[in-house]
Amino acid sequence: MIATLTGTIAEKLGELHIIDVAGVGYGLLMPMQDSGGMAQGQEVKIYIYEHIRENSHDLYGFATLDTKQLFEQLLDVTGIGPKMALSVLNVGTTSEVRAAIAGGDTKFIQAANNVGKRVAERIVVELKDKVGMLSTAGIDALFTGESVAKQDEAVQALIALGYTLPDAVAALSTVPNNLTTEDRVKQVLKEGRA
């Protein structure tokens, strides 16, 4: 099994990238968000997903482990293969795709090539509670400015009570920020927001 490749980008041909590793050229299919910042001749470390079938051996490459993990989660959805999963990743950044799935935004997901309404709905249903935000960068993206510190404790309290991250953020969005964390959580629970 190939877990990572470290080498030089020899060629970029759309989604296909040829990575030269000690004189051997590996052809990798990569999402646009990862390949966009890479230049020919640049030294890179790429996380690899191998897709082996009877008549092919495809390598999918990712600049970050977070993107690879989301790709693998998409593959767990019934009827989603690697090419469709890559297409879903190409509609936005990893954080945007995670937020769209967690928030049930099927229109955003449908922007991917060959992804219709039913497939987008299946992705949301099967992954909504699984995608989460794996990094603090993803969590920070849900907040703005000074409200990060104030809202974080209330969000974490709601998550501890069984809310998902997107539901906790949505529930707190209409609660005044000038209340204490305890009062904000109590107000959400009192009004039964979800």
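Computed from a predicted structure; not experimentally measured.

**Here we look at the pairing of strand β3 (residues 24–29)**
Pairing of strand β2 (residues 16–21) with β3, which is carried by 6 bridges, proceeds in the antiparallel orientation. Pairing of V21 across the sheet is with V24, part of β3. In this structure, the hairpin formed by β2 and β3 is closed by a connection of 2 residues, where A22 is found at a positive phi of approximately 50°. Summarising the sheet, β3 and strand β5 (residues 56–62) pair through 2 bridges and their orientation is parallel. Looking at the pairing, L28 lines up with L59 of β5.

**A closer look at the sheet that holds strand β4 (residues 43–53)**
With mixed pairing, 5 strands are arranged side by side around a closed barrel as β1-β2-β3-β5-β4. Taking the axes of each pair of neighbouring strands and ignoring which way they run, one obtains an average angle of 55° across the sheet. Where helix α2 (residues 65–75) meets the sheet, it contacts β4 and β5, and its direction lies at approximately 15° from that of β4. Its contacts with the sheet put helix α3 (residues 82–89) on β3, β4 and β5, and the angle it makes with β5 is roughly 20°.

**Quick notes on the pairing of β2**
The pairing of strand β1 (residues 4–13) with β2 spans 5 bridges and is classified as antiparallel. Each bridged residue has a counterpart across the sheet, and for E11 the counterpart in β2 is I18. As consecutive antiparallel partners, β1 and β2 are separated by 2 residues, and within that stretch G14 has a phi angle of approximately 70°, a positive value.

**A look at the pattern of salt bridges**
Tallied over the full model, the rule gives 4 salt bridges. With a shortest N-O distance of 2.9 Å, R98 and D66 are connected by a salt bridge. Linking R98 in helix α4 (residues 94–102) with D66 in helix α2, this pair joins segments that are 32 residues apart in sequence. Under the relative-accessibility criterion, R98 is labelled buried at 1%. When its relative accessible area of 21% is taken as the criterion, D66 is described as partly exposed.

What counts and how
Residues numbered from 1 in each chain as written. Predicted model: local features only at pLDDT ≥ 70, side-chain atom pairs only at ≥ 80, totals over all residues. Heavy atoms only, no water. Pairing = 2+ DSSP bridges. Helix = DSSP H or I, 4+ residues; strand = E, 2+ residues; numbered from the N terminus. Axes fitted to C-alpha atoms, helices over the stretch in contact; angles between N-to-C directions. Contact = heavy atoms within 4.5 Å. Salt bridge = Lys/Arg side-chain N within 4 Å of Asp/Glu carboxyl O. Buried < 20%, exposed > 50% of the residue type's maximum accessible area, 1.4 Å probe, protein only.

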